[in-house]
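Descriptive analysis of the structure
One letter stands for each residue in the lines below.
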Amino acid sequence: MRTKILFTATVIATCALHAQENKTEYEIELNGTEVVGTRAPLPADKAVRLVQVITRQEIEASSANSVNDLLKLSAGVDVRQRGSFGIQTDIGVNGGTEDQLTVLLNGVNITNPHTGHLTMNLPVSVDDIERIEVIEGGASRVYGSQAFAGAVNIVTRTERMNDVGVHIQGGSYGTFGANAHAAALGGGFNNRISGGYSRSDGASGNDDFSKGNAYWKGKYGSEKFDATVQAGLSAMNYGANTFYGTGSDSQYEEERRFLVAAQAEYKGRVHVPMQIYWNRFLDHYVWIRQNPEAYQNFHQTNVYGANANAYTTWALGKTAVGIEFRRENILSTGLGKEMSEEEQRKHKIAGHDGFYKYKDSRSNIGIHLEHNILFDDVSISLGVLATNNTAVNGGFRLYPGIDVSWRATDAVKLFASFNRSLRTPTFTDLYYNGPGLEGNSRLQPERSTDLHLGMSYASSFINAQLKGFYRKGTDMIDWVKYEGSSVYTTANSDIDNIGAEALVTLNFANQYGKKSLLQRLNLSYCYNHKQRVNEEQSANYVSHLTFLRHKFVASLHHRIFSRLSAQWDFTLKNREGEFDHAITGERLSYGTFGNLDLKLQWITTHYTIYAQANNLTNHPYYDFANIKQPGFWFMGGVKVNLFGKKGKEG
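The structure contained in this document is the topic of the report that follows.

Rules of the game
- Residues numbered from 1 in each chain as written.
- Predicted model: local features only at pLDDT ≥ 70, side-chain atom pairs only at ≥ 80, totals over all residues.
- Heavy atoms only, no water.
- Helix = DSSP H or I, 4+ residues; strand = E, 2+ residues; numbered from the N terminus.
- Rg over C-alpha atoms; globule rule 2.2 N^0.38 Å.
- Buried < 20%, exposed > 50% of the residue type's maximum accessible area, 1.4 Å probe, protein only.
- Contact = heavy atoms within 4.5 Å.
- Areas by Shrake-Rupley, 256 points an atom, 1.4 Å probe, with all protein chains shown as cover.
- Lys, Arg positive; Asp, Glu negative; His and termini not counted.
- Charge placed at Lys NZ, Arg CZ, Asp CG, Glu CD.
- Salt bridge = Lys/Arg side-chain N within 4 Å of Asp/Glu carboxyl O.
- Pairing = 2+ DSSP bridges.
- Phe/Tyr/Trp six-rings, centres within 6.5 Å; stacked < 30°, edge-to-face > 60°.
- Lys NZ or Arg CZ within 6 Å of the ring centre and 35° of its normal.

This paragraph deals with the overall build of the protein chain. Along the protein chain, the regular secondary structure elements total seven helices and 39 strands. In summary, the protein chain has a C-alpha radius of gyration of 24 Å against a globular reference of 26 Å for 650 residues, a match within 12%. Projected onto its principal axes, the C-alpha positions of the protein chain cover 65 × 55 × 50 Å. Classification of the 650 residues of the protein chain by burial places 59% in the buried group. Long-range contacts, defined here as pairs at least 24 residues apart, represent 63% of the contacts in the protein chain between residues at least 6 apart. Carbon together with sulfur atoms contributes 58% to the accessible area of the protein chain, which is approximately 25,300 Å² in total. Considering the protein chain, the positive charge centre built from 65 side chains and the negative charge centre built from 65 side chains are found 5 Å apart.

So, in structure tokens, the structure goes:
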């Protein structure tokens, strides 16, 4: 992982984490970052926030089988996995939960308001991704109200030539996967379409899966106008073992996602980027796979969104204003407010005999105002979000923020940030009622004040970041069990979070040439500490809260001989929290565990052959209570580009 600059010849700005996509890119390893944490895109050397980027080179070298596996390479990201290959994975940033993160696909918000457990069911595969951008800390004033603890933007590939590619892999536990893509360019248009399928018997009982995805992105660019359209779908069917409770080890789930989005920008004296999108999520959950009628839930969530931004540069800096609208609806057999029998008959469950019984909806309007003051060595970004959510009383609420950066030398840059954020509860937080769990419709929205301090150092050989953060959380949502109760329910409490993070990248290929034996070494570490502020709250219930206290990541990429190279990825985690073993009843702690992965690959212009092993030490571990993760896992595969050229190794 590193920071870098991309000089862009053509820009399509969006109201999102990465405000531009690139038609022509010239990459130079220099000071700065390619991602701007502001509403108005800033020059790379004026960036006001530290952002981590997982590059295409790192994606190609890693043994990751899913986007979730890629995010494990970032020390500040907590990846809690229930199944393998990206099946049911929760992503948190800087001690935050999966519900406190905004996830974007090419700048489009694809976060699921039903529950963050389902957000990472993506219509793209690892082969489709150009880079992943991770911004940590509260960012509501830039990315919307739900960017409570941070944001992740997944940027898909834009080919520079006509191309057709195929990727086939297989391995342990009957695992098989295939992906294919095609790209066509001409007349200012750039199209890339892809699709994939994978399946596995699973490493233990009832954790088999099958999943498929299809995705298309079309782009058009001219001197004064750019446009992008993307559409995707994904489907996953999987055995859910004890995913949601130990009372059944034969749980089962099916997920579907549909996405359509359009973005455009007029590039005049005032730049006007806009976007409109629709997401549909379908979920079918079964408590006993062999007997669905015993207990099952159906959910359909629809999200409609639109936003428009305008920014311009003038004598006093760079100013941006914007407005966004997001509508979230859910139909469910268990979540929401009960409908009348007449209304239920209007909402049949597709493919089944039953009808949805409950529904809920909410709308959010956000108005953004930002001004950036740019000096030679100092950049200051001031902004505020005024937001009104129909599910929250009190009308419009203001969430301000300020980010400052100072270039102390050509190589050293200092950063400071103050931001306030909020998050409305998910529909699961509010309404879930199932075995051992019960929602709370009286929940208040979460609020936080975030402080960040950091510094970066960048040269052709060394890139380094060091930062600390403090989050004062008010009305944070936690699953708790009150005295005398047998179920966990959601409740508000005040929780403070403090932490620090450090990372260093040594780029030997830049320093000693592409033929150097060592190519790249990444080292990173993150520490988190959470503390409940109100001791009386802690005395009244047992908290279900767990968090990642320590995480260390080391990745080494090196040549072996000729075109053969290797990537070693080591992750060491210490997770806070305890749970009762489902069979023995023994009280267990998550404790500390390490995971070592290896990938060997032979790279040529038109094909790559690879073999990889995950969890080389075959060490058992838990990300969630009683859900044991797979041990040693072997995979092998081949990638072929029929017309285009592979990217260079390194």
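With that settled, the discussion passes to the pattern of salt bridges. Where side chains of opposite charge bring their charged atoms close, a pairing between them can arise. Applying the stated criterion across every chain yields a total of 26 salt bridges. Salt-bridge contacts for Asp127 lead to Lys639; the nearest nitrogen and oxygen are separated by 3.6 Å. Of the two residues, Asp127 sits in the loop between strand 9 (108-109) and strand 10 (129-136) while Lys639 sits in strand 39 (residues 633-641), which places them 512 residues apart along the sequence. Taken individually, Asp127 and Lys639 each receive the classification buried, so the pair is uniform in this respect.

Our focus in this paragraph is the pairing of strand 25 (residues 412-423). Pairing between strand 24 (residues 397-407) and strand 25: seven bridges, direction antiparallel. Paired with Ile402 across the strands is Phe418, a residue of strand 25. The antiparallel hairpin formed by strand 24 and strand 25 contains four residues in its connecting segment. Two strands pair when backbone bridges link them, and strand 25 and strand 28 (residues 446-458) are joined in this way by twelve bridges, in the antiparallel orientation. Considered in strand 28, the bridge of Ser421 is made with Ser448.

Before going further, it helps to examine the pairing of strand 12 (residues 163-171). For strand 12 and strand 13 (residues 175-186), the ladder comprises nine bridges, and the chain directions are antiparallel. Each bridged residue has a counterpart across the sheet, and for Gly165 the counterpart in strand 13 is His181. Between strand 12 and strand 13, which pair antiparallel and follow one another directly, the connecting turn spans three residues, one of which, Tyr173, has a positive phi of 60 degrees.

Taken in spatial order, the five strands make up an open sheet running 5-10-11-8-9, and their pairing is mixed. Only two strands of the sheet have a single neighbouring strand rather than two, namely strand 5 (51-54) and strand 9. Pairing of strand 5 with strand 10 involves four bridges; the strand directions are antiparallel. Note that in strand 10 the partner of Gln52 across the bridge is Val134.

All right, on to the packing of aromatic side chains then. Applying the stated criterion across every chain, the model contains nine aromatic pairs. Centre to centre, the rings of Tyr238 and Phe243 are 6.1 Å apart; their planes meet at 35 degrees, and the pair counts as tilted. Ring geometry for Phe561 versus Trp602: centroids 6.1 Å apart, planes at 65 degrees, classification edge-to-face. With Phe561 in strand 33 (residues 547-561) and Trp602 in strand 35 (residues 587-603), the pair connects residues that are 41 residues apart, well separated along the chain. For Trp602, a relative accessible area of 28% corresponds to the partly exposed category. Here the aromatic cluster, defined as three or more aromatic residues joined through ring pairs, consists of Phe461, Phe508 and Tyr512. When the ring centre of Phe624 is taken as reference, the NZ or CZ atom of Arg80 above it lies at 4.1 Å. One cation-aromatic arrangement involves Arg82 over Phe624; the distance from NZ or CZ to the ring centre is 3.9 Å.

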